[in-house]
Amino acid sequence: MSQSMSSPISASASLELMRPTTSGSENHYIKQKKVFERFASVEKDGQKYMNQDDFISAIAPGEDYKKIQKEQFGILFGIADKDKKGLISFQNFVIFENLILKPDAEYEIAFRLFDVEGKGMITMDQFKKILFSNVTSDSVPFDFDCEWLKLYVGRDPGRKHELAYEEFTQLLKGLQAERLRQEFKFYDKEGSGYITPDNFKKIILSIARHKISDYVTEQLPTLCNIYAGNKINYASVVAFHNIVRQMDMVERIVHKAISESSDGKITKNDFLNTASRETRFSLFTPLEADIIFHFAGLGNPSGRLSRRDFAQLLDPKWERRETPTVKKQTKKHTGIGWEILHQIYSFALGSVAGAVGATVVYPIDLVKTRMQNQRSRVVGELLYRNSIDCFQKVVKNEGIKGLYSGLGPQLVGVAPEKAIKLTVNDLMRSLLKNKDTGFIPLHYEIISGGVAGGCQVIFTNPLEIVKIRLQIQGEIAKNVDIPRKSAVQIVKELGLFGLYRGASACLLRDIPFSGIYFSTYAHIKKDFFGETPDKKCSIVELLIAGAAAGMPAAYLTTPADVIKTRLQVETRKGQTSYNGIFDACKKIFREEGFAAFYKGGAARVFRSSPQFGTTLMVYELLQRLIPWSSSEEQVGKVVSAVTDTGDLGYLKSRNALKILLDLDYKFGVVPKNVNIPIPA
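Treat the numbers as computed from the prediction; the structure is a model and nothing was measured. (Residues numbered from 1 in each chain as written. Predicted model: local features only at pLDDT ≥ 70, side-chain atom pairs only at ≥ 80, totals over all residues. Heavy atoms only, no water.)

Draft legend 1. Focus on the environment of Phe293. Along the chain, Phe293 falls in helix H15 (residues 286-296). Residue class for Phe293 comes out buried when judged on its relative accessible area of 11%. Note: C-alpha distance between Phe293 and Gly303 (ten residues apart in sequence) is 7.6 Å. With residues near it in sequence (within four places) discarded, Phe293 still touches Ile266, Thr267, Lys268, Phe271, Gly303, Leu305 and Phe310. (Helix = DSSP H or I, 4+ residues; strand = E, 2+ residues; numbered from the N terminus. Buried < 20%, exposed > 50% of the residue type's maximum accessible area, 1.4 Å probe, protein only. Contact = heavy atoms within 4.5 Å.)

Draft legend 2. Local environment of the packing of helix H12 (residues 234-245) against H15. As a packed pair, H12 and H15 sit with axes 9 Å apart at the nearest point and diverge in direction by 70°. Classified by the interaxial angle, the pair formed by H12 and H15 is roughly perpendicular. Here Ala235, Ser236, Ala239, Phe240, Asn242 and Ile243 of H12 lie close against H15, whose contacting residues are Leu287, Glu288, Ile291, Ile292 and Phe295. When grouped by side-chain class, the residues that make up the contact of H12 with H15 number eight nonpolar, two polar and one charged. (Axes fitted to C-alpha atoms, helices over the stretch in contact; angles between N-to-C directions. Parallel < 35°, antiparallel > 145°, perpendicular 65-115°, else oblique. Nonpolar A, V, L, I, M, F, W, Y, C, P; charged D, E, K, R; others polar.)

Draft legend 3. Main features of the pattern of salt bridges. All told, the structure shown has 22 salt bridges when counted by the stated rule. One salt bridge in this structure joins Lys33 and Glu37, with 3.6 Å as the shortest N-O distance. Of this pair, Lys33 and Glu37 both sit in helix H2 (residues 23-39), four residues apart, which is roughly one turn of the helix. Among the ionic pairs, Glu592 bridges to Lys599, the shortest N-O distance being 2.9 Å. Each member of the pair Glu592 and Lys599 is classed as buried. (Salt bridge = Lys/Arg side-chain N within 4 Å of Asp/Glu carboxyl O.)

Draft legend 4. Broad picture of the side chain of His161. Tracing the backbone shows His161 in the loop between helix H8 (147-153) and strand E4 (162-163). Side chain to side chain, His161 and Glu167 meet in a polar contact 3.4 Å long. Setting aside chain neighbours within four positions, we find His161 in contact with Ile122, Thr123, Met124, Tyr152, Val153 and Glu167. (Polar contact = N/O pair within 3.5 Å; in protein donor to acceptor, adjacent residues only side chain to side chain.)

Draft legend 5. Spotlight on the side chain of Gln176. On the secondary structure map, Gln176 appears in helix H9 (residues 165-187). In terms of polar contacts, Gln176 uses its side chain to reach the side chain of His241, at 2.7 Å. Not counting the four nearest positions on each side in its chain, Gln176 is found in contact with Ile207, His241, Arg245 and Asp662.

Draft legend 6. Structural detail: the environment of Phe295. On the secondary structure map, Phe295 appears in helix H15. The exposure class of Phe295 is buried, given its relative accessible area of 2%. Excluding anything up to four places from it in sequence, Phe295 contacts Tyr215, Val216, Gln219, Leu220, Thr222, Leu223, Phe240, Gln312 and Leu313.

Draft legend 7. Focus on the environment of Ile109. Summarising the element assignment, Ile109 is placed in helix H6 (residues 105-114). Overall, the relative accessible area of 0% leaves Ile109 in the buried class. The spacing of Ile109 and Leu660 is 551 residues in sequence and 8.6 Å in space, taken between C-alpha atoms. Beyond its immediate stretch of four places on either side in the chain, Ile109 contacts Leu76, Ile79, Phe96, Leu99, Ile100, Ala656 and Leu660.

Draft legend 8. Fine view of the nonpolar core. Counting 57 residues, the largest nonpolar core has Phe55, Phe114, Phe127 and Leu660 as its most contacted members. The element contributing the most residues to this core is H6, with seven residues. Look past the residues within four positions of Leu660 in its chain and what remains in contact with it is Ile75, Ile109, Ala110, Leu113, Phe114 and Phe667. One finds Ile207, Ile212, Phe240 and Ile258 within the second-largest nonpolar core, a separate group that totals 42 residues. (Core = buried A, V, L, I, M, F, W, Y, C linked by side-chain atoms within 4.5 Å.)

Draft legend 9. Fine view of the packing of aromatic side chains. All chains considered together, the criterion is met by 32 aromatic pairs. Centre to centre, the rings of Phe127 and Phe168 are 6.2 Å apart; their planes meet at 80°, and the pair counts as edge-to-face. One end of the pair, Phe127, is in helix H7 (residues 124-133); the other, Phe168, is in helix H9, and 41 residues separate them in sequence. Note on Phe168: relative accessible area 0%, which makes it buried. (Phe/Tyr/Trp six-rings, centres within 6.5 Å; stacked < 30°, edge-to-face > 60°.)

Draft legend 10. Looking closely at helix H25 (residues 581-592). Between its first and last C-alpha, H25 extends 16 Å over twelve residues, near the 16 Å set by a 1.5 Å rise per residue. Residues of H25 that are buried: Ile581, Asp583, Ala584, Lys587, Ile588 and Glu592. Projection of H25 onto a plane perpendicular to its axis shows the buried side chains occupying an angular sector of 155°, all on one side. Away from its buried face by more than 90 degrees, H25 exposes Phe582, Lys586 and Arg590. Considering only its buried residues, H25 is in contact with helix H22 (503-528) and helix H24 (558-568). Residue Gly593 follows H25 closely and has a positive phi angle near 90°. (Expected span 1.5 Å × (residues − 1). Arc of directions from axis to C-beta.)

Structure representation (structure tokens):
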């Protein structure tokens, strides 16, 4: 019989596939040559060849063979081995690689497997033989005498109906639904219209295990919990199967609905409303929507689900093929030079933002320091009744300028302090988060912030001790006729070791502060404002989140801040001196009572809260006004990772097996010594 015109590929087409016609295909050809040379281990008559193991390693690098076993990738080797010699030449490898780039590759792979004679037509006997020789004996037997199949091949058993490529592909597309019906009937022994959850799991695993995630696989029996009862009806089985087949559309509608949501989360009604707007006809029934939200929301009973919830539905190894499109393409500059520039950019923005935040709240910080240094035991030294009285007296006695005493050293230290704190926190979070989901537990968030706070003390302590002494000397100069000292003079007097006086108290304050602050800030953004990878907080939301997170962090660490201030301030005549943290704790408690540990607490909250809120708001604004760009935009063809010519064919090879795996997830995994009877 001559080659049918319906055959998916002819000899002339094979030559056409081999011929590079554009620069893109030439690059693809070169990369194919490199892959072949890398994996081909057999040399014969001066030519290199691939055996089956070489071929599988080339088309499925890094595959774990859990969902798709090695024997199933071996089916593709049989397709590529056109000469049936057990070896593949470079020419055959190129033809195969170009074949699986075609949009209907999975159907062509299946047609070639069943068309054993290469005639471009498949008889029903061939179909039965290939199907039963590639499924295991524990599979539910398929009834070839069913009414559905007779519609394709006719009722006359004496008439040999041959299927051309187009007919065959349509038969395969409907075969899975017929298998679903037959398997439900097989397990529903009593004809009640219900099956057990375990039998439902068996059915779905037999026809769709390769498409669903491990998470959904384990949760399949929970489908019975959607409605009353402990069994699953036929409608639910069909609905679940329809969802699996339409998963690309589910993903598209979810993405659209979430992009329109104010908090990055959607309800079942949001999903159905978006589906009705985005499609001409209704694609999903209420039952199918119930099932989608049941499995996506197993860990989130609120009914408002995010993209992360829906990501649990599909095995991430399956990707949609994208059509090459003409759009702006960015060429990113790499190298140590650009990385240094990027760090300078981040450092500069952080410095400006930190300086603005520090300047805005500096008068409050000065009031806080004066209140904390006030010793109520010393007669005549009770200068301020409260923070407001302190503020008024500073303005009256020292002028507005007095509110900014010591601001210079503060601004000098803000840049490295903020850079270290933010960088270390981000680094620790990236190391401690789950690599697959991006989730980081609360205790790891606290640890990340605490480590960041500890690292910043190397800059914070010298800065704080100089700032405090500059802030305090204003009130001394008003009572005692002594000249003011400059920051440089204070640094010279203290020396290197003196600059780190009270460092232990500084650690005691900054480690818990950063641990509380960063974890609270992250959860306010995520839990209160609904920040997701698809929805970023607004400037106002960032300001509120930063300010709110600063309140508990500042107040709860006030006792450590009081101790640090007492240790770092220059002790005057008649004042109590302290020798370390524990000595300061005992003396403050004995002389001034427990309330003394929270002196300046309110001022500290009013200072830290707006400072961090302002700093983060300004930082975000600067990033938007002066965006970092290490890339050049180019207009050209952009191809997704799945169809990129640099891809080794891994995802394309998985896609090429989809139709065969739809027939049976164990298709091709049959022991060679097992003979399965083929029905007449």
